[in-house]
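In case you want the letters, here they are:
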Amino acid sequence: MVRLVSAILAILAVLLAIAVVIFYGDETEIQIKLPPPAIVPDHVTIIDQAMLKDTVNIKGGESIASYRGLLVTGSLDGHLVAFDKDDFSIQWSVPCPPNSHGTPCRILGIRSVDDDILYGVDEHCRLFRYKNGQWTWLLDENNAALKELKPGLFNDLVIVENMVYITDSFQYNPTKHPLQRFFSFENSGRILGFNLENGEVTTMADGLYLPNGIELHFDNQSLLVAECLMYRISRLDIATRKIQPFQTQTFGAVDNIRRSIDGGYWVGIAATRLTSSYWSLPDFLAVHPKLRSVLTNKAFLPLLLLYHGIFGSGPALYRMDEGGYTQKLMLDDNKLTKAMAFSQVHQSDRKLFVGTPFAGKIFVFPNDEL
């Protein structure tokens, strides 16, 4: 097996070298802004499968919210799970209704309104409301407006008065693997608006590079959107629908944004970029479009998967102020990189809860680390 992997890597290196020689063009290099010194957390609680004694599969717990005094997340096996915030014991678990094809839902974004109603989106491009044990699908595959828009992946949401704003990471395309879409710098992502009163669906912004997390700015008139693929956070004016960069050249693939209780915002990084121990293929391909078009061909998908599995970098967290200035960066190569990615961040009761897409862990940072 070791020889096979070594042979594949050698072939990949040769192909890359040949492609660079053949396809190298007159591209402008990206100016990389290095992060400030990172703070290494000393005390981190990890809610994992061993702690839960396999009572529920929390892999996929990237959606986190507070609800009636509990911590709520979505699981990979299609459940809405509520934890005690102190001892992390499971208080209840409710199955999410499957889609029309019988596939369990995977909740990617979740919000609590007035600590009474939960709203969430799942990977099947559905929007739900949960109250008093009752599920209501506000948007699903049978909605005529959605069929016309052809969404590909509902990732996160935020509620502003009677509107729900949703990030649709990319348009539906069954012929492309998500990794191909990531490395090809596809910009088919959108922000959709759903009116809770009349059910109307509108496109607030399009042409985005894998929009992921979304949060209301403290001005209450604009939205912050994590464009995961472009390593930046953009700002959308709700009234004019004008979108512009807010924080550029971030420290990695920005996944999620949530307000900090101390002002500013916490941002989850799925994978860091260009650190001393990590060579970033997305950064490299960003300035070599011809090479990018070759490597993102379907024939090269196994190599992209191999690269992602072997060289994928660790996650990070940082806090920025209302103007987009980074105040604190948190990274620990020894403890936290095992999570593979950080997704939704949620601060409550002087703790910061951080979900991971596939590692089956929720990280809990205490007050003295924040």
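In this report, the structure presented in the accompanying data block is examined. Every chain is numbered independently, its residues counted from 1 as its sequence is written. Only residues with pLDDT of 70 or above have their local features reported here, since the model is predicted, and side-chain atom pairs are shown and tallied only from 80 upward, although totals for entire chains, interfaces and linings are computed over all residues. Neither water nor hydrogens contribute to the side-chain values; these are computed over all heavy atoms in the structure.

So, about the sheet that holds strand S6 (residues 107-113). Within a sheet, each strand pairs with its neighbour through backbone hydrogen bonds, oriented either parallel or antiparallel. The 4 strands are arranged S6-S7-S8-S9 in an open sheet whose pairing can be described as antiparallel. If you trace the sheet from one side to the other, it starts and ends with S6 and strand S9 (134-139), each paired once. In this sheet, neighbouring strand axes are inclined to one another by 25° on average, regardless of whether the strands run parallel or antiparallel. Bridging between strand S7 (residues 117-122) and strand S8 (residues 126-131) involves 5 bridges; their strand directions are antiparallel. Across the sheet, Val-121 pairs through a bridge with Leu-127, a residue of S8. Paired strands are those between which DSSP finds at least two bridges. The helix and strand labels rest on DSSP assignments: H or I over at least four residues marks a helix, E over at least two residues marks a strand, and numbering proceeds from the N terminus. A fitted line through C-alpha atoms serves as each axis, taken over the contacting stretch for helices, and the angle formed by two N-to-C directions is quoted from 0 to 180°.

On to the pattern of salt bridges, then. Salt bridges are defined by distance alone: a side-chain nitrogen of Lys or Arg within 4 Å of a carboxyl oxygen of Asp or Glu. Enumeration according to the criterion identifies 12 salt bridges in this entry. Among the salt bridges present, the one from Arg-111 reaches Glu-215, with a minimum N-O distance of 3.3 Å. Placement of Arg-111 in strand S6 and of Glu-215 in strand S14 (residues 211-216) is noted, with a sequence separation of 104 residues between them. Residue Arg-111 shares its accessibility class with Glu-215, and that shared class is buried. Its salt-bridge partner being Arg-232, residue Glu-227 comes within 2.8 Å of it at the nearest N-O pair. Looking at Glu-227, the relative accessible area reads 1%, which means it is buried. The structure contains a network of salt bridges with shared partners spanning Arg-68, Asp-116 and Lys-131. Burial classification: accessible surface area is computed with a 1.4 Å probe over protein chains only, and a residue below 20% of its type maximum counts as buried, one above 50% as exposed, and the rest as partly exposed.

As for its placement among the helices and strands, Ser-234 is situated in strand S16 (residues 232-237). A residue is classified by how much of its surface remains accessible, and Ser-234, at 3% relative accessible area, is buried. In terms of polar contacts, Ser-234 uses its side chain to reach the side chain of Glu-227, at 2.6 Å. Any two residues whose heavy atoms approach within 4.5 Å are treated as being in contact. Leave out the neighbours within four places in its chain, and Ser-234 touches Leu-223, Leu-224, Val-225, Glu-227, Ile-243, Gln-244, Pro-245 and Phe-246. Residues adjacent in sequence count toward polar contacts only when both atoms are side-chain atoms; beyond that, a polar contact is any pair of N or O atoms within 3.5 Å, and within protein one must be able to donate a hydrogen and the other to accept it.

With respect to the helices, strands and loops of the structure, Val-294 is situated in helix H6 (residues 289-295). Along the primary structure Val-294 and Ser-184 are separated by 110 residues, whereas in three dimensions their C-alpha atoms are 9.5 Å apart.

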